[in-house]
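# Working through the structure, step by step
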Amino acid sequence: MKRLINTFALSALLAVGFFSCTNDDTTTSLNEEISNDVLQQIKALGFGTDNVIKEDDHYIVEGDIILHKEDLAGATKQALLRIAGVEQYHTFNLVTGLPRVITITTSGRNITQRLSDGINAAIARYNAENLGLTFVRGGSNGGGNINIRVVNTGQYIASAGFPTSGGEPYFEVKYAKNYTNYSLGFVTTVIAHEVGHCIGFRHTDYMNRSYSCGSGGNEGQETSGVGAVHIPGTPTGPDAASWMLACLSSSTDRPFNNNDKVALGYLY
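Heads up: these notes are all about the structure in this document. Computed from a predicted model, the values in this text were never measured in an experiment.

This paragraph deals with the overall build of the protein. Tallying secondary structure elements over the protein gives seven helices and twelve strands in all. Residues classed as buried in the protein amount to 56% of the 268 residues present. Within the protein, residue pairs in contact and separated by at least 24 positions form 79% of the contacts whose partners lie at least 6 positions apart. Summed over its atoms, the accessible surface of the protein is roughly 10,600 Å², and 47% of this surface lies on carbon and sulfur atoms.

Turning our eyes to something else, we now look at unusual backbone geometry. Backbone torsion omega between Leu-98 and Pro-99 reads -5°, so that peptide bond is classified as cis. Relative to the helices and strands, Pro-99 resides in the loop between strand 6 (89-90) and strand 7 (100-107). You will see that Asn-130, though not glycine, has its phi angle at about 50°, which is positive. Turning to its location among the elements, Asn-130 is positioned in the loop between helix 4 (113-127) and strand 8 (133-137). We classify Asn-130 as exposed; its relative accessible area is 69%.

In this section: the sheet that holds strand 11 (residues 172-176). Strand order in this open sheet of five strands is 8-7-9-11-10, and the pairing throughout is mixed. In the strand order of this sheet, the two ends are held by strand 8 and strand 10 (158-159), each with one partner. Pairing analysis gives five bridges linking strand 7 to strand 8, with the strands arranged parallel. Opposite Ile-104, over in strand 8, you have Arg-137 as the bridge partner. Contacts from helix 4 reach strand 7, strand 8, strand 9 (146-151) and strand 11 within the one sheet, and its direction differs from that of strand 8 by about 160°. Strands strand 7, strand 8, strand 9, strand 10 and strand 11 of the sheet are contacted by helix 5 (residues 184-198), whose axis makes an angle of about 150° with strand 11.

Glancing now at helix 4. The end-to-end C-alpha separation of helix 4 is 21 Å, in line with the 21 Å expected for 15 residues at 1.5 Å each. Turning to helix 4, its buried residues number three or more, namely Leu-115, Ser-116, Gly-118, Ile-119, Ala-122, Ile-123, Arg-125 and Tyr-126.

Our focus in this paragraph is the environment of Gly-143. Tracing the sequence through the fold places Gly-143 in the loop between strand 8 and strand 9. For the pair Gly-143 and Glu-172, spaced 29 residues apart in sequence, the C-alpha to C-alpha distance is 9.8 Å.

Bringing the nonpolar core into the picture now. With 41 residues, the main nonpolar core has Tyr-126, Phe-135, Tyr-175, Ile-191 and Phe-201 as its most contacted residues. Broken down by element, the residue count for this core peaks at seven residues, all from helix 5. Here Phe-201 is in contact with Tyr-89, His-90, Phe-162, Gly-196, Ile-231, Trp-243, Met-244, Ala-263, Leu-264, Leu-267 and Tyr-268, once residues within four sequence places are set aside. Grouped together as the second largest cluster of nonpolar side chains are twelve residues, Ile-34, Val-38, Ile-42 and Leu-72 included.

What follows concerns the sheet that holds strand 3 (residues 53-55). Judged by pairing direction, the sheet is antiparallel, and its three strands sit side by side in the order 3-4-5 without closing on themselves. Where the open sheet ends on each side, the last strands, each with one partner, are strand 3 and strand 5 (65-68). For this sheet, the mean angle separating the axes of adjacent strands, direction not counted, is 30°. In this structure, strand 4 (residues 58-61) lies alongside strand 5, joined through four bridges in antiparallel fashion. If you follow Ile-60 over to strand 5, its bridge partner there is Ile-66.

Counting along an α-helix, one turn takes 3.6 residues, and residues three or four places apart therefore face a common direction. The complete set of buried residues in helix 2 (residues 36-44) reads Val-38, Ile-42 and Ala-44. Down the axis of helix 2, the buried side of the element spans an arc of 160°, and every buried residue falls inside it. Those residues of helix 2 that are buried lie in contact with strand 4, strand 5 and helix 3 (69-73).

Cut-offs and rules
- Residues numbered from 1 in each chain as written.
- Predicted model: local features only at pLDDT ≥ 70, side-chain atom pairs only at ≥ 80, totals over all residues.
- Heavy atoms only, no water.
- Helix = DSSP H or I, 4+ residues; strand = E, 2+ residues; numbered from the N terminus.
- Buried < 20%, exposed > 50% of the residue type's maximum accessible area, 1.4 Å probe, protein only.
- Contact = heavy atoms within 4.5 Å.
- Areas by Shrake-Rupley, 256 points an atom, 1.4 Å probe, with all protein chains shown as cover.
- Pairing = 2+ DSSP bridges.
- Axes fitted to C-alpha atoms, helices over the stretch in contact; angles between N-to-C directions.
- Expected span 1.5 Å × (residues − 1).
- Core = buried A, V, L, I, M, F, W, Y, C linked by side-chain atoms within 4.5 Å.
- Arc of directions from axis to C-beta.

Following this line, the structure appears as structure tokens:
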């Protein structure tokens, strides 16, 4: 694989750098020290504690996963439902009320034509699978089930969180301004990846980040309140083309492969 430029660890950092708002963008603040208590709460939720980023009222872990303070407050030890290996995983919380329509909106002044096209292409990738979830493009003033907002940060590509306990998708994808004019395949892949987190998918190489990132290990721990549940029918060995791999290069384009389609069909 090519030398990775910002990975989904950076992509996971997709959720790692947060910000204080200035107009329509966000500026990342990374200088605040993370307390040991917070790191232990993150660990109890089943996430790795390397390179944790503090941003406003939340933290970014695993490169693109957003955790809010209320998530940490609910950290409990719970046995992970997983099998060692490199497979498809989902969180304990999933989107419920199927069939249902998920509206994807945008907000802010920095939605480039390339980013807009990538959002449409990601929506088309999902809808081609005839899932119980149908994605539609909404307006440019926010308010959708998932809103995409461009932020000013050099620390990650994009970020998102996981579904709520009430079965709602995570409400926002933050996309770094520096990457809004990359290739259509790259932008589409990043948006589809982050939407994947919003509806409950964890990284395909959850058990071994070095597979796609070149370094790193298991993203989680032996216990988790969030969950890394193996999806039946997905492989127990490496899956080089999955859209939910943790890292990617500047030339990456990852449409859903056969295993991804199995995973999407099983859950939705």
